[in-house]
Amino acid sequence: MGKMYINGEWVKSKTGETRKVINPYNQEVIDTVAEGNREDTIYAIQAARKAFNNEDWRQLTGEERGDLLYQIAQSIRKERDELARLETLNTGKVLTESIGDIDGVANVFQYYAGLADKDGGSVINSPNPNSVSRVVREPVGVCGLISPWNFPLLQLSYKVAPAIAAGNTMVIKPSELTPLTTIKLIEIMEEVGFPSGVINLVLGQGSTVGQEIAESLDVDLVSFTGGTETGRTIMQAATSNFKKTSLELGGNSPNIIFADAQFETAVDYALNAIFFTTGQACNAGTRLLVEKSIHNEFVNELVKRAKNIRMGDGLDPETEMGPLVSAAHLNNVDNYIQIAIEEGAELAVGGKRPEGETLQKGFFIEPTIFNHCHSKMSIVQEETFGPILTIETFDTEEEAIQLGNDTRYGLAAAVWTEDTNRAERVVGQLLAGTVWVNDFHINFPQAPWGGYKQSGIGREMGKEGLEEYTELKHVYKNTAPQPMGWFGNQ
Ligand code: TXE
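How each quantity is defined
Residues numbered from 1 in each chain as written. Predicted model: local features only at pLDDT ≥ 70, side-chain atom pairs only at ≥ 80, totals over all residues. Heavy atoms only, no water. UniProt positions renumbered as here; feature names shortened; annotations may be inferred. Phe/Tyr/Trp six-rings, centres within 6.5 Å; stacked < 30°, edge-to-face > 60°. Buried < 20%, exposed > 50% of the residue type's maximum accessible area, 1.4 Å probe, protein only. Helix = DSSP H or I, 4+ residues; strand = E, 2+ residues; numbered from the N terminus. Lys NZ or Arg CZ within 6 Å of the ring centre and 35° of its normal.

By the naming in an unreviewed UniProt entry, the chain goes by Betaine-aldehyde dehydrogenase and is assigned to Lentibacillus halophilus. One UniProt comment on the chain, placed under Pathway (unreviewed entry), says "Amine and polyamine biosynthesis; betaine biosynthesis via choline pathway; betaine from betaine aldehyde: step 1/1." As its UniProt record puts it under Sequence similarities (unreviewed entry), the chain is described as follows: "Belongs to the aldehyde dehydrogenase family."

Below you can see the structure in the form of C-alpha coordinates.
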(Lines give C-alpha, C1' and ligand atoms only; values in the text may rest on other atoms or scores of the structure.)
Protein backbone atom coordinates (compact mmCIF):
# COMPACT_ATOMS: atom_id res chain seq x y z
CA MET A 1 0.00 0.00 0.00
CA GLY A 2 1.26 3.48 -0.88
CA LYS A 3 1.87 5.56 2.21
CA MET A 4 2.52 9.22 2.91
CA TYR A 5 5.94 10.50 3.89
CA ILE A 6 5.97 12.96 6.77
CA ASN A 7 8.89 14.06 8.93
CA GLY A 8 11.14 11.35 7.51
CA GLU A 9 8.70 8.47 8.06
CA TRP A 10 6.27 6.49 5.92
CA VAL A 11 2.86 6.84 7.55
CA LYS A 12 -0.78 5.93 7.03
CA SER A 13 -3.34 8.70 7.24
CA LYS A 14 -4.45 9.59 10.78
CA THR A 15 -7.96 8.33 10.02
CA GLY A 16 -6.68 5.13 8.39
CA GLU A 17 -8.65 6.01 5.25
CA THR A 18 -7.41 4.74 1.90
CA ARG A 19 -8.10 5.34 -1.79
CA LYS A 20 -8.02 2.94 -4.71
CA VAL A 21 -5.86 4.00 -7.65
CA ILE A 22 -7.39 3.05 -10.99
CA ASN A 23 -5.92 2.21 -14.40
CA PRO A 24 -7.99 4.33 -16.83
CA TYR A 25 -7.41 1.80 -19.61
CA ASN A 26 -9.49 -0.93 -17.95
CA GLN A 27 -10.64 0.44 -14.57
CA GLU A 28 -8.62 -2.18 -12.70
CA VAL A 29 -7.30 -1.23 -9.26
CA ILE A 30 -3.52 -0.81 -9.53
CA ASP A 31 -2.82 0.09 -5.92
CA THR A 32 -4.39 1.33 -2.72
CA VAL A 33 -2.90 4.40 -1.10
CA ALA A 34 -3.34 6.38 2.09
CA GLU A 35 -5.96 9.12 1.92
CA GLY A 36 -4.81 12.02 4.06
CA ASN A 37 -6.87 14.94 5.28
CA ARG A 38 -6.32 18.35 6.86
CA GLU A 39 -4.86 16.93 10.07
CA ASP A 40 -2.15 15.01 8.17
CA THR A 41 -1.42 18.11 6.14
CA ILE A 42 -0.99 20.29 9.23
CA TYR A 43 1.42 17.71 10.63
CA ALA A 44 3.43 17.75 7.39
CA ILE A 45 3.52 21.56 7.28
CA GLN A 46 4.80 21.64 10.86
CA ALA A 47 7.52 19.12 9.98
CA ALA A 48 8.56 21.24 6.99
CA ARG A 49 8.62 24.37 9.16
CA LYS A 50 10.82 22.68 11.75
CA ALA A 51 13.15 21.37 9.05
CA PHE A 52 13.46 24.82 7.52
CA ASN A 53 14.76 26.15 10.83
CA ASN A 54 17.09 23.19 11.26
CA GLU A 55 20.81 23.84 10.77
CA ASP A 56 21.27 20.41 9.12
CA TRP A 57 19.38 21.76 6.14
CA ARG A 58 20.01 25.51 6.36
CA GLN A 59 23.77 25.08 6.43
CA LEU A 60 24.02 22.96 3.29
CA THR A 61 25.77 24.88 0.54
CA GLY A 62 24.34 25.33 -2.94
CA GLU A 63 26.98 22.90 -4.14
CA GLU A 64 25.79 20.26 -1.67
CA ARG A 65 22.14 20.74 -2.61
CA GLY A 66 23.18 20.50 -6.27
CA ASP A 67 24.87 17.21 -5.49
CA LEU A 68 21.64 15.83 -3.96
CA LEU A 69 19.72 16.89 -7.07
CA TYR A 70 22.29 15.28 -9.32
CA GLN A 71 22.00 12.00 -7.41
CA ILE A 72 18.21 12.13 -7.80
CA ALA A 73 18.62 12.64 -11.58
CA GLN A 74 20.92 9.60 -11.73
CA SER A 75 18.52 7.41 -9.73
CA ILE A 76 15.60 8.45 -11.94
CA ARG A 77 17.60 7.35 -14.96
CA LYS A 78 18.26 3.99 -13.30
CA GLU A 79 14.54 3.54 -12.48
CA ARG A 80 13.40 4.90 -15.87
CA ASP A 81 11.59 1.78 -17.06
CA GLU A 82 9.71 1.20 -13.82
CA LEU A 83 8.74 4.86 -13.48
CA ALA A 84 7.53 5.02 -17.09
CA ARG A 85 5.53 1.81 -16.70
CA LEU A 86 3.87 3.15 -13.55
CA GLU A 87 3.06 6.47 -15.25
CA THR A 88 1.39 4.63 -18.14
CA LEU A 89 -0.58 2.34 -15.82
CA ASN A 90 -1.84 5.29 -13.79
CA THR A 91 -2.56 7.83 -16.57
CA GLY A 92 -3.26 5.58 -19.57
CA LYS A 93 -0.79 7.50 -21.75
CA VAL A 94 1.31 5.51 -24.22
CA LEU A 95 4.62 4.19 -22.96
CA THR A 96 6.74 6.22 -25.40
CA GLU A 97 5.21 9.38 -23.94
CA SER A 98 5.84 8.19 -20.38
CA ILE A 99 9.47 7.43 -21.23
CA GLY A 100 9.77 10.95 -22.64
CA ASP A 101 8.24 12.32 -19.43
CA ILE A 102 10.64 10.43 -17.18
CA ASP A 103 13.66 11.46 -19.27
CA GLY A 104 12.36 15.01 -18.90
CA VAL A 105 12.15 14.60 -15.12
CA ALA A 106 15.79 13.46 -14.93
CA ASN A 107 16.83 16.40 -17.12
CA VAL A 108 14.99 18.87 -14.89
CA PHE A 109 16.76 17.56 -11.77
CA GLN A 110 20.10 17.64 -13.56
CA TYR A 111 19.53 21.19 -14.81
CA TYR A 112 18.73 22.52 -11.32
CA ALA A 113 21.64 20.51 -9.88
CA GLY A 114 23.85 22.64 -12.08
CA LEU A 115 22.11 25.87 -11.15
CA ALA A 116 22.03 25.39 -7.37
CA ASP A 117 25.44 26.98 -6.74
CA LYS A 118 25.53 29.57 -9.52
CA ASP A 119 23.86 32.65 -8.04
CA GLY A 120 26.16 34.29 -5.50
CA GLY A 121 24.13 37.51 -5.52
CA SER A 122 25.27 40.81 -6.96
CA VAL A 123 26.90 44.01 -5.80
CA ILE A 124 24.89 47.07 -6.74
CA ASN A 125 25.79 50.69 -7.00
CA SER A 126 25.33 52.54 -3.69
CA PRO A 127 24.64 56.29 -3.73
CA ASN A 128 26.83 56.75 -0.63
CA PRO A 129 30.62 56.66 -0.30
CA ASN A 130 32.08 54.24 2.26
CA SER A 131 29.33 51.68 1.78
CA VAL A 132 28.75 48.34 0.12
CA SER A 133 25.36 47.30 -1.19
CA ARG A 134 24.60 43.80 -2.32
CA VAL A 135 21.56 41.78 -3.28
CA VAL A 136 21.31 38.10 -2.37
CA ARG A 137 18.70 35.43 -2.92
CA GLU A 138 17.49 33.30 -0.02
CA PRO A 139 15.01 30.41 0.18
CA VAL A 140 11.38 31.39 0.73
CA GLY A 141 10.64 28.80 3.43
CA VAL A 142 7.95 26.13 3.43
CA CYS A 143 6.64 25.46 -0.08
CA GLY A 144 3.33 23.74 -0.89
CA LEU A 145 3.64 21.95 -4.23
CA ILE A 146 0.37 20.81 -5.80
CA SER A 147 0.54 18.84 -9.04
CA PRO A 148 -1.99 17.54 -11.60
CA TRP A 149 -2.69 14.18 -13.22
CA ASN A 150 -1.73 14.74 -16.87
CA PHE A 151 2.07 14.79 -16.49
CA PRO A 152 2.20 13.68 -12.85
CA LEU A 153 5.93 13.40 -12.29
CA LEU A 154 7.14 15.85 -14.93
CA GLN A 155 4.99 18.75 -13.67
CA LEU A 156 6.05 17.98 -10.12
CA SER A 157 9.74 18.01 -11.05
CA TYR A 158 9.37 21.62 -12.26
CA LYS A 159 8.54 22.47 -8.64
CA VAL A 160 10.53 20.07 -6.46
CA ALA A 161 13.91 20.51 -8.19
CA PRO A 162 14.12 24.35 -7.99
CA ALA A 163 12.58 24.34 -4.50
CA ILE A 164 15.47 22.13 -3.31
CA ALA A 165 18.07 24.02 -5.34
CA ALA A 166 17.05 27.22 -3.52
CA GLY A 167 17.12 25.56 -0.07
CA ASN A 168 13.41 25.37 0.79
CA THR A 169 11.48 22.65 2.58
CA MET A 170 8.24 21.32 1.15
CA VAL A 171 4.90 19.59 1.36
CA ILE A 172 4.07 17.78 -1.87
CA LYS A 173 0.52 16.94 -2.91
CA PRO A 174 0.10 14.99 -6.15
CA SER A 175 -3.26 14.60 -7.83
CA GLU A 176 -5.35 12.05 -5.96
CA LEU A 177 -5.85 10.28 -9.31
CA THR A 178 -2.15 9.72 -10.09
CA PRO A 179 0.04 9.49 -6.98
CA LEU A 180 2.12 6.42 -7.88
CA THR A 181 5.21 7.89 -9.57
CA THR A 182 5.34 10.64 -6.94
CA ILE A 183 5.50 8.01 -4.19
CA LYS A 184 8.36 6.37 -6.08
CA LEU A 185 10.18 9.70 -6.40
CA ILE A 186 9.97 10.19 -2.64
CA GLU A 187 11.49 6.72 -2.16
CA ILE A 188 14.36 7.80 -4.40
CA MET A 189 14.79 11.03 -2.48
CA GLU A 190 14.77 9.19 0.85
CA GLU A 191 17.56 6.96 -0.42
CA VAL A 192 19.57 9.94 -1.62
CA GLY A 193 19.21 11.32 1.91
CA PHE A 194 17.52 14.49 3.12
CA PRO A 195 17.18 15.65 6.74
CA SER A 196 13.78 14.67 8.21
CA GLY A 197 10.99 17.07 7.35
CA VAL A 198 12.65 18.66 4.30
CA ILE A 199 10.52 16.57 1.92
CA ASN A 200 6.97 15.65 2.92
CA LEU A 201 4.32 13.88 0.89
CA VAL A 202 0.62 14.11 1.72
CA LEU A 203 -1.87 12.17 -0.37
CA GLY A 204 -5.51 13.13 -0.64
CA GLN A 205 -8.07 15.42 -2.18
CA GLY A 206 -7.67 18.96 -3.36
CA SER A 207 -10.58 20.22 -1.28
CA THR A 208 -8.95 19.04 1.97
CA VAL A 209 -5.18 18.54 1.62
CA GLY A 210 -4.72 21.08 -1.19
CA GLN A 211 -6.98 23.65 0.43
CA GLU A 212 -5.11 23.37 3.75
CA ILE A 213 -1.80 23.95 1.98
CA ALA A 214 -3.20 27.02 0.19
CA GLU A 215 -4.76 28.49 3.35
CA SER A 216 -2.09 27.66 5.93
CA LEU A 217 -0.34 30.55 7.65
CA ASP A 218 2.74 28.35 7.92
CA VAL A 219 3.22 27.82 4.19
CA ASP A 220 5.21 30.61 2.55
CA LEU A 221 4.77 29.70 -1.10
CA VAL A 222 2.25 27.70 -3.05
CA SER A 223 3.02 26.42 -6.52
CA PHE A 224 0.12 24.87 -8.39
CA THR A 225 -0.44 23.31 -11.79
CA GLY A 226 -4.01 22.49 -12.72
CA GLY A 227 -7.31 23.96 -13.83
CA THR A 228 -7.93 27.70 -14.01
CA GLU A 229 -10.91 27.59 -11.62
CA THR A 230 -8.93 25.63 -9.03
CA GLY A 231 -6.13 28.17 -9.50
CA ARG A 232 -8.56 30.95 -8.64
CA THR A 233 -9.63 29.15 -5.44
CA ILE A 234 -5.99 28.62 -4.47
CA MET A 235 -5.07 32.23 -5.12
CA GLN A 236 -7.94 33.39 -2.93
CA ALA A 237 -6.94 31.01 -0.14
CA ALA A 238 -3.31 32.13 -0.44
CA THR A 239 -4.25 35.68 0.57
CA SER A 240 -4.44 34.38 4.18
CA ASN A 241 -0.76 35.30 4.59
CA PHE A 242 0.00 36.67 1.11
CA LYS A 243 1.92 33.58 0.09
CA LYS A 244 4.12 33.79 -2.92
CA THR A 245 1.98 32.16 -5.58
CA SER A 246 2.99 30.42 -8.76
CA LEU A 247 0.19 29.16 -10.99
CA GLU A 248 0.41 27.14 -14.21
CA LEU A 249 -3.17 26.89 -15.40
CA GLY A 250 -5.13 26.06 -18.50
CA GLY A 251 -4.49 26.86 -22.12
CA ASN A 252 -6.23 26.99 -25.46
CA SER A 253 -3.32 27.31 -27.81
CA PRO A 254 -3.66 28.42 -31.43
CA ASN A 255 -1.75 26.56 -34.13
CA ILE A 256 -1.56 28.94 -37.09
CA ILE A 257 -0.88 27.49 -40.56
CA PHE A 258 -0.07 29.81 -43.46
CA ALA A 259 -0.46 28.54 -47.02
CA ASP A 260 3.31 28.56 -47.61
CA ALA A 261 4.00 26.17 -44.71
CA GLN A 262 5.54 22.76 -45.44
CA PHE A 263 2.24 20.99 -45.92
CA GLU A 264 3.01 17.45 -44.79
CA THR A 265 5.03 18.49 -41.77
CA ALA A 266 2.38 20.97 -40.68
CA VAL A 267 -0.34 18.29 -40.93
CA ASP A 268 1.79 15.83 -39.01
CA TYR A 269 2.51 18.29 -36.20
CA ALA A 270 -1.09 19.52 -36.08
CA LEU A 271 -2.15 15.96 -35.23
CA ASN A 272 0.55 15.66 -32.60
CA ALA A 273 -0.29 19.09 -31.20
CA ILE A 274 -3.81 17.99 -30.29
CA PHE A 275 -3.79 14.21 -29.84
CA PHE A 276 -0.60 13.89 -27.78
CA THR A 277 -1.56 12.69 -24.26
CA THR A 278 -5.15 12.36 -25.56
CA GLY A 279 -5.44 16.13 -25.66
CA GLN A 280 -4.86 16.39 -21.93
CA ALA A 281 -1.97 18.82 -22.17
CA CYS A 282 -2.25 22.43 -21.01
CA ASN A 283 -0.38 23.51 -24.14
CA ALA A 284 -2.30 21.29 -26.59
CA GLY A 285 -2.82 22.85 -30.02
CA THR A 286 -6.58 22.90 -29.67
CA ARG A 287 -7.39 25.70 -32.12
CA LEU A 288 -6.16 25.14 -35.65
CA LEU A 289 -6.21 28.34 -37.72
CA VAL A 290 -5.63 27.61 -41.41
CA GLU A 291 -5.23 30.02 -44.30
CA LYS A 292 -8.35 29.70 -46.43
CA SER A 293 -6.58 28.72 -49.68
CA ILE A 294 -5.31 25.41 -48.19
CA HIS A 295 -8.17 24.78 -45.78
CA ASN A 296 -10.00 21.96 -47.59
CA GLU A 297 -6.87 20.06 -48.51
CA PHE A 298 -5.47 20.42 -44.97
CA VAL A 299 -8.67 19.25 -43.27
CA ASN A 300 -9.02 16.27 -45.61
CA GLU A 301 -5.54 15.10 -44.74
CA LEU A 302 -6.06 15.60 -41.00
CA VAL A 303 -9.33 13.68 -41.04
CA LYS A 304 -7.83 10.84 -43.07
CA ARG A 305 -5.04 10.39 -40.56
CA ALA A 306 -7.20 10.95 -37.45
CA LYS A 307 -9.39 8.01 -38.55
CA ASN A 308 -6.32 5.74 -38.45
CA ILE A 309 -5.26 6.57 -34.90
CA ARG A 310 -4.98 3.36 -32.90
CA MET A 311 -6.45 3.57 -29.41
CA GLY A 312 -5.67 1.02 -26.73
CA ASP A 313 -3.48 -0.03 -23.85
CA GLY A 314 -0.64 2.43 -23.35
CA LEU A 315 1.68 -0.50 -22.63
CA ASP A 316 1.02 -1.97 -26.10
CA PRO A 317 3.66 -0.60 -28.52
CA GLU A 318 1.02 -0.49 -31.28
CA THR A 319 -1.12 2.01 -29.36
CA GLU A 320 -0.97 5.65 -30.47
CA MET A 321 -3.54 7.18 -28.12
CA GLY A 322 -4.68 6.12 -24.66
CA PRO A 323 -7.87 6.83 -22.71
CA LEU A 324 -8.82 9.96 -20.78
CA VAL A 325 -7.80 9.92 -17.14
CA SER A 326 -11.15 9.31 -15.42
CA ALA A 327 -14.85 8.68 -15.86
CA ALA A 328 -15.61 12.21 -14.64
CA HIS A 329 -13.27 13.71 -17.22
CA LEU A 330 -14.72 11.54 -20.00
CA ASN A 331 -18.11 12.93 -19.05
CA ASN A 332 -16.80 16.55 -19.24
CA VAL A 333 -15.26 15.98 -22.65
CA ASP A 334 -18.39 14.29 -23.93
CA ASN A 335 -20.47 17.27 -22.75
CA TYR A 336 -18.27 19.65 -24.72
CA ILE A 337 -18.82 17.55 -27.85
CA GLN A 338 -22.60 17.70 -27.43
CA ILE A 339 -22.49 21.48 -26.87
CA ALA A 340 -20.32 21.93 -29.97
CA ILE A 341 -22.84 20.01 -32.09
CA GLU A 342 -25.70 22.09 -30.64
CA GLU A 343 -23.77 25.28 -31.42
CA GLY A 344 -23.44 24.25 -35.06
CA ALA A 345 -19.80 23.13 -35.30
CA GLU A 346 -19.41 20.61 -38.12
CA LEU A 347 -18.22 17.23 -36.84
CA ALA A 348 -15.60 16.04 -39.34
CA VAL A 349 -14.47 12.93 -37.49
CA GLY A 350 -14.85 11.22 -34.08
CA GLY A 351 -17.17 12.71 -31.50
CA LYS A 352 -18.09 9.47 -29.78
CA ARG A 353 -16.77 6.61 -27.67
CA PRO A 354 -15.02 3.97 -29.81
CA GLU A 355 -16.59 0.64 -30.54
CA GLY A 356 -14.99 -2.70 -29.64
CA GLU A 357 -15.28 -4.63 -26.41
CA THR A 358 -11.79 -3.99 -25.01
CA LEU A 359 -12.08 -0.23 -25.31
CA GLN A 360 -15.44 -0.18 -23.49
CA LYS A 361 -13.69 -0.84 -20.18
CA GLY A 362 -11.56 2.29 -20.47
CA PHE A 363 -12.34 6.01 -20.58
CA PHE A 364 -11.86 6.32 -24.34
CA ILE A 365 -13.12 8.95 -26.73
CA GLU A 366 -12.32 9.05 -30.45
CA PRO A 367 -9.95 11.64 -31.89
CA THR A 368 -12.39 14.41 -32.78
CA ILE A 369 -12.22 17.26 -35.28
CA PHE A 370 -14.75 20.07 -35.64
CA ASN A 371 -14.59 22.01 -38.88
CA HIS A 372 -16.03 25.47 -39.67
CA CYS A 373 -15.81 26.74 -36.11
CA HIS A 374 -15.88 30.38 -35.03
CA SER A 375 -14.54 32.03 -31.95
CA LYS A 376 -17.92 32.65 -30.33
CA MET A 377 -18.46 28.89 -29.87
CA SER A 378 -17.79 27.46 -26.40
CA ILE A 379 -15.85 24.59 -27.99
CA VAL A 380 -13.40 27.24 -29.23
CA GLN A 381 -13.33 29.35 -26.07
CA GLU A 382 -13.28 26.69 -23.34
CA GLU A 383 -10.43 24.37 -22.45
CA THR A 384 -11.98 20.95 -23.24
CA PHE A 385 -8.82 19.07 -22.25
CA GLY A 386 -9.69 16.18 -24.55
CA PRO A 387 -8.70 15.02 -28.06
CA ILE A 388 -10.84 17.69 -29.73
CA LEU A 389 -9.53 19.94 -32.47
CA THR A 390 -11.45 22.99 -33.67
CA ILE A 391 -10.72 24.50 -37.09
CA GLU A 392 -11.14 28.12 -38.13
CA THR A 393 -9.89 29.87 -41.27
CA PHE A 394 -8.28 33.22 -42.03
CA ASP A 395 -7.41 35.32 -45.08
CA THR A 396 -4.77 37.70 -43.77
CA GLU A 397 -1.89 37.77 -41.33
CA GLU A 398 -3.77 40.35 -39.27
CA GLU A 399 -6.81 38.11 -39.03
CA ALA A 400 -4.65 35.13 -38.01
CA ILE A 401 -3.16 37.15 -35.14
CA GLN A 402 -6.54 38.47 -34.06
CA LEU A 403 -8.06 34.96 -33.98
CA GLY A 404 -4.96 33.54 -32.29
CA ASN A 405 -5.30 36.02 -29.43
CA ASP A 406 -9.08 35.70 -29.14
CA THR A 407 -8.93 33.67 -25.92
CA ARG A 408 -8.67 34.29 -22.20
CA TYR A 409 -5.66 31.95 -22.13
CA GLY A 410 -2.07 32.60 -23.20
CA LEU A 411 0.10 29.58 -22.51
CA ALA A 412 1.47 28.71 -25.95
CA ALA A 413 1.00 29.29 -29.68
CA ALA A 414 2.57 28.11 -32.92
CA VAL A 415 3.01 29.61 -36.36
CA TRP A 416 3.84 27.67 -39.53
CA THR A 417 5.28 29.54 -42.50
CA GLU A 418 8.37 29.53 -44.71
CA ASP A 419 8.45 33.33 -44.64
CA THR A 420 10.79 34.10 -41.74
CA ASN A 421 9.93 37.79 -41.59
CA ARG A 422 6.26 37.01 -41.34
CA ALA A 423 7.01 34.44 -38.64
CA GLU A 424 8.79 37.11 -36.58
CA ARG A 425 5.96 39.62 -37.07
CA VAL A 426 3.37 37.09 -35.88
CA VAL A 427 5.53 35.92 -32.94
CA GLY A 428 5.78 39.53 -31.79
CA GLN A 429 1.99 39.93 -31.71
CA LEU A 430 0.91 36.65 -30.10
CA LEU A 431 0.09 36.88 -26.40
CA ALA A 432 1.56 33.61 -25.15
CA GLY A 433 4.33 32.49 -22.81
CA THR A 434 5.83 30.20 -25.46
CA VAL A 435 5.62 30.61 -29.24
CA TRP A 436 6.91 27.92 -31.58
CA VAL A 437 7.85 28.57 -35.19
CA ASN A 438 7.45 25.50 -37.39
CA ASP A 439 7.27 23.22 -34.36
CA PHE A 440 4.96 22.31 -31.50
CA HIS A 441 5.03 21.05 -27.89
CA ILE A 442 8.77 21.28 -27.41
CA ASN A 443 9.93 22.43 -24.00
CA PHE A 444 13.05 21.82 -21.96
CA PRO A 445 14.48 22.81 -18.58
CA GLN A 446 16.61 25.67 -19.91
CA ALA A 447 13.58 27.63 -21.18
CA PRO A 448 11.00 29.35 -18.94
CA TRP A 449 7.49 27.89 -19.11
CA GLY A 450 4.26 29.63 -18.12
CA GLY A 451 1.44 31.75 -19.39
CA TYR A 452 0.07 35.17 -20.22
CA LYS A 453 -3.47 36.14 -19.21
CA GLN A 454 -5.52 33.49 -17.37
CA SER A 455 -2.94 30.78 -18.04
CA GLY A 456 -1.22 31.67 -14.81
CA ILE A 457 1.29 33.63 -12.83
CA GLY A 458 5.05 33.18 -12.81
CA ARG A 459 7.31 30.86 -14.74
CA GLU A 460 8.60 27.36 -14.19
CA MET A 461 11.96 26.04 -15.44
CA GLY A 462 14.88 28.10 -16.62
CA LYS A 463 16.65 30.36 -14.16
CA GLU A 464 13.35 32.20 -13.74
CA GLY A 465 11.85 28.98 -12.37
CA LEU A 466 14.52 28.95 -9.66
CA GLU A 467 13.97 32.59 -8.79
CA GLU A 468 10.30 31.83 -7.99
CA TYR A 469 11.58 29.86 -5.01
CA THR A 470 13.72 32.67 -3.60
CA GLU A 471 13.26 35.88 -1.63
CA LEU A 472 15.46 38.86 -2.43
CA LYS A 473 17.46 40.49 0.31
CA HIS A 474 19.28 43.80 0.00
CA VAL A 475 22.23 44.07 2.39
CA TYR A 476 23.66 47.56 2.97
CA LYS A 477 26.92 47.91 4.87
CA ASN A 478 28.29 51.24 6.10
CA THR A 479 32.08 50.81 6.07
CA ALA A 480 32.84 54.04 7.97
CA PRO A 481 30.01 54.54 10.52
CA GLN A 482 29.98 58.01 12.21
CA PRO A 483 27.40 59.59 14.55
CA MET A 484 24.70 61.46 12.62
CA GLY A 485 24.02 64.00 15.38
CA TRP A 486 20.41 64.40 14.23
CA PHE A 487 18.38 64.01 17.44
CA GLY A 488 18.75 65.84 20.76
CA ASN A 489 22.17 67.15 20.01
CA GLN A 490 21.87 70.82 21.30
O1 TXE B 1 -7.97 19.66 -12.00
P2 TXE B 1 -7.64 20.42 -10.69
P3 TXE B 1 -9.19 18.72 -12.41
C4 TXE B 1 -7.63 21.64 -16.34
C5 TXE B 1 -8.37 20.90 -17.42
C6 TXE B 1 -9.30 20.02 -16.66
C7 TXE B 1 -9.67 20.93 -15.52
C8 TXE B 1 -10.17 20.24 -14.29
O9 TXE B 1 -9.12 21.80 -18.19
O10 TXE B 1 -10.42 19.65 -17.40
O11 TXE B 1 -8.46 21.58 -15.20
O12 TXE B 1 -9.33 19.17 -13.93
C13 TXE B 1 -5.73 19.86 -6.63
N14 TXE B 1 -7.02 23.56 -3.29
N15 TXE B 1 -6.33 21.05 -16.01
O16 TXE B 1 -10.43 19.03 -11.67
O17 TXE B 1 -8.80 20.49 -9.76
C18 TXE B 1 -6.07 18.46 -7.10
O19 TXE B 1 -6.20 17.59 -6.00
C20 TXE B 1 -5.82 23.05 -3.59
C21 TXE B 1 -5.19 21.73 -16.57
O22 TXE B 1 -8.72 17.33 -12.32
O23 TXE B 1 -7.03 21.68 -11.09
C24 TXE B 1 -4.89 18.17 -7.98
O25 TXE B 1 -3.75 17.81 -7.20
N26 TXE B 1 -5.64 22.07 -4.50
C27 TXE B 1 -3.92 21.20 -16.13
C28 TXE B 1 -4.62 19.51 -8.66
O29 TXE B 1 -5.25 20.46 -7.82
C30 TXE B 1 -6.71 21.60 -5.16
C31 TXE B 1 -3.79 19.91 -15.49
C32 TXE B 1 -5.18 19.64 -10.06
O33 TXE B 1 -6.55 19.44 -10.04
C34 TXE B 1 -8.00 22.12 -4.89
C35 TXE B 1 -5.01 19.38 -14.95
C36 TXE B 1 -8.13 23.14 -3.91
N37 TXE B 1 -9.31 23.68 -3.61
C38 TXE B 1 -6.23 19.94 -15.25
N39 TXE B 1 -8.87 21.48 -5.70
C40 TXE B 1 -2.65 21.80 -16.63
N41 TXE B 1 -2.45 23.09 -16.47
O42 TXE B 1 -1.82 21.07 -17.17
C43 TXE B 1 -8.15 20.59 -6.45
N44 TXE B 1 -6.85 20.66 -6.11
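Colleague: What am I meant to see in the packing of aromatic side chains here?
Modeller: Describing an aromatic ring pair means giving the distance of the ring centres and the angle of the ring planes. Tallied over the full model, the rule gives 12 aromatic pairs. Considering the side-chain rings of Tyr111 and Tyr112, the 5.0 Å spacing of their centres and the 75° angle between planes classify their relative orientation as edge-to-face. Residue classification places Tyr111 among the buried residues on the basis of a relative accessible area of 17%. Look at Tyr112 and you get buried, because its relative accessible area is 0%. Ring geometry for Trp149 against Phe385: centres 5.5 Å apart, planes inclined by 80°, an arrangement best described as edge-to-face. With Trp149 in the loop between β7 (142–146) and α6 (152–165) and Phe385 in the loop between α14 (378–381) and β16 (388–394), this pair connects stretches of sequence that are 236 residues apart. The exposure class assigned to Trp149 is buried, which follows from its relative accessible area of 18%. Of the aromatic side chains, those joined through ring pairs into one cluster are Trp436, Phe440 and Trp449. The ring of Tyr43 has Lys14 sitting right over it, with the charged end atom 4.4 Å from the ring centre. It is Arg422 that lies over the ring of Phe258; its NZ or CZ is 4.0 Å from the centre.

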